[in-house]
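Read off the chains here:
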Amino acid sequence: MDGEWWRGSVTYQVYPRSFQDDSGDGIGDLKGITRRLPHLARLGVDAVWLSPIFKSPMADMGYDVSDYCDIDPLFGTLADFDELVATAHGLGLRVIIDQVLSHSSDRHPFFAESRASRDNPRADWYVWADAKPDGSPPNNWISVFGGSAWEWDTRRRQYYLHNFLISQPDFNFHNAEVQDWALSVLRFWLDRGVDGFRLDTVNYYVHDADLRDNGPAPASSRKDNLPAVNPYEMQDHVHSKTRPENVAWLERMRALLDEYDARTMVGEVGDPSWRAVQVMAEYTAERRLHMAYSFDMLGPDFTAAHFRGRIEEFFKGAPDGWPMWAFSNHDVIRHVSRWEKFGDHDAVAKLACAMLLSFEGSICLYQGEELGQTETDILWEELTDPPGFRFWPEYKGRDGCRTPMVWDGSDHGGFSDVKPWLPVKAPQLARNVAAQDGVAGSVLEFYRAMLAFRRGSVLAGRGTRFLDVPEPVLAFTRGGGLLCVFNLSGEAVSMAVSGAGGLVGPEGGAVLNGGRLRLPALGFAFVEATGEVLLEM
């Protein structure tokens with residue numbers, strides 16, 4: 001087993017509630033995931049990441065954990081999990097699981113004990129603070145899900161911190177006992193054979209012990225003069241998260257993983273663009289995280305300058321660090337829908353695939369992405385996501401990207417025999433696995449081809465040199481031997497090229513003739529580099 005298998009790897013994110021229902025209750029489960037693992041193996045990914053599967057009241061769909069060492073009955077049992085890991089390993093797939101350690105559910109026994117009094121053994125396991133003399137919260141910190149990040153508790157007659165839902169109290173990582181307990185959770189799952197962890201909200205663990213107020217976000221972060229839909233975005237969260245003390249805790253986690261062979265940690269760095277790269281660099285320095293999961297490509301920006309800037313900035317700030325890039329996940333609008341104004345859905349899907357899988361770093365694909373799946377239009381009466389209820393209609397929550405995986409054209413898309421927890425609607429049903437499997441030109445077959453190309457080429461390695469060409473073209477060489485060119489527009493472009501051989505890899509509509517490269521709308525090309533490559537528009 002290669003100790004650095006994660007470097008340049010491609011991970012496929014499974015949202016367990018929505019992948020495959022084998023129990024017949026309309027909610028996905030571990031047995032269903034296990035049955036569908038051959039799809040991922042055939043796709044050509046290296047690892048599968050499971051969003052939370054632990055016992056939970058499901059106020060935030062499993063990101064509110066009440067037992068960190070057991071499986072929620074909705075998803076199955078520990079035996080089912082062991083079978084999933086064994087099956088995945090038999091197919092050559094690694095297994096990464098979510099760990100939500102920054103906060104628990106308020107139903108966790110530790111919180112019940114902590115809130116019972118100010119002098120019990122776990123009284124200091126969560127973040128408690130006295131009210132100001134006027135009864136208001138201790139500071140101005142805001143919850144990601146709206147309102148104050150503090151909630152009054154009548155038992156202790158103190159406020160407790162919750163960076164997310166009121167029912168998700170934050171652990172106090174200034175307490176060494178909390179850190180020791182969290183390490184025991186990681187060890188439990190490592191001993192069960194998991195290959196790594198995706199660390200939820202990795203920069204939220206440690207808070208400012210002095211509880212200082214956050215200041216306003218920089219004016220430059222606003223794209224217009226209107227207030228944000230969510231006031232959380234109006235603060236610069238320098239005291240409520242991303243504290244310097246967090247680094248020592250990351251080093252403790254890394255020391256634990258280093259006791260095991262070939263394991264990895266990827267941290268979700270939820271910071272704004274003006275600070276994210278700096279934090280990713282700091283967190284992936286030696287003996288900390290193996291990888292940092294970037295938010296930089298999960299927004300509406302679709303320009304060559306944006307993608308180039310994010311990659312260059314990361315490797316400039318963290319020459320020894322390692323990023324994980326993604327275009328979609330369970331928290332954002334699917335990228336095919338975000339970028340639909342730039343052209344045909346299938347063309348956008350293929351260009352995005354070719355581009356993402358060419359980037360230096362590791363890659364994460366979100367379930368259904370390989371089908372060119374689009375965002376589901378969720379109605380008010382179909383909502384399940386708490387932020388959707390709070391910020392409707394300007395923000396409709398995250399349900400639209402969480403609808404079930406579509407395996408065939410039958411009722412409910414082959415996901416379940418009963419009505420699913422979220423609807424499978426006609427636009428999504430049309431993009432199913434069975435309809436694309438083996439079909440030349442389909443998005444699914446393109447993903448398979450592109451993943452095979454990446455695995456067998458310099459794309460999984462190091463070395464990127466960007467070429468100075470104007471918008472809408474993104475161009476770079478990888479490993480010195482492969483030229484990658486992408487047209488991010490709805491019109492054809494043409495350019496002179498020297499130092500290049502013939503076209504290779506998956507076909508993107510390009511024509512190379514007589515030293516001239518022509519790309520159709522949303523087209524792309526992979527070209528052998530025979531010398532110093534020059535492009536001229």
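These numbers come from a predicted model, not from an experiment.

1. Here we look at the side chain of Lys-241
- Position of Lys-241 relative to the elements: it lies in the loop between strand 11 (235-236) and helix 5 (246-257).
- Of the polar contacts made by the side chain of Lys-241, one reaches the side chain of Tyr-232; its length is 3.4 Å.
- Setting aside its immediate chain neighbours within four residues, Lys-241 contacts Asn-203, Tyr-204, Val-206, Tyr-232, Gly-270 and Asp-271.

2. Focus: the nonpolar core
- Phe-81, Trp-189, Tyr-205, Phe-307, Phe-359, Leu-474 and Phe-486 are the most contacted members of the largest nonpolar core, which has 135 residues in total.
- Apart from residues no more than four positions distant in its own chain, Phe-359 is found in contact with Met-297, Phe-307, Ile-311, Trp-325, Phe-327, Arg-454, Leu-459, Leu-474, Phe-476 and Arg-478.

3. Observations concerning the packing of helix 1 (residues 30-43) against helix 13 (residues 443-455)
- Where helix 1 meets helix 13, the axes come as close as 8 Å, and the angle between the chain directions of the two elements is 55°. Between helix 1 and helix 13, the crossing angle belongs to the class labelled oblique. Contacts from His-39, Arg-42 and Leu-43 of helix 1 reach helix 13 at Leu-444, Glu-445, Tyr-447, Arg-448 and Leu-451.
- Residues that form the contact of helix 1 with helix 13 fall into these classes: four nonpolar, one polar and three charged.

4. Overview of the sheet that holds strand 18 (residues 482-487)
- On the basis of which strands lie adjacent, the open sheet formed by seven strands has the order 16-17-18-22-19-21-20 and antiparallel pairing. At either end of the open sheet lies a strand with only one pairing partner, and these are strand 16 (464-466) and strand 20 (511-513). Recorded for the sheet is a direction-independent mean angle of 45° between the axes of neighbouring strands.
- Pairing between strand 19 (residues 493-504) and strand 22 (residues 524-536): six bridges, direction antiparallel. Paired with Val-497 across the bridge in strand 22 is Leu-535.

What counts as what
Residues numbered from 1 in each chain as written. Predicted model: local features only at pLDDT ≥ 70, side-chain atom pairs only at ≥ 80, totals over all residues. Heavy atoms only, no water. Helix = DSSP H or I, 4+ residues; strand = E, 2+ residues; numbered from the N terminus. Polar contact = N/O pair within 3.5 Å; in protein donor to acceptor, adjacent residues only side chain to side chain. Contact = heavy atoms within 4.5 Å. Core = buried A, V, L, I, M, F, W, Y, C linked by side-chain atoms within 4.5 Å. Buried < 20%, exposed > 50% of the residue type's maximum accessible area, 1.4 Å probe, protein only. Axes fitted to C-alpha atoms, helices over the stretch in contact; angles between N-to-C directions. Parallel < 35°, antiparallel > 145°, perpendicular 65-115°, else oblique. Nonpolar A, V, L, I, M, F, W, Y, C, P; charged D, E, K, R; others polar. Pairing = 2+ DSSP bridges.

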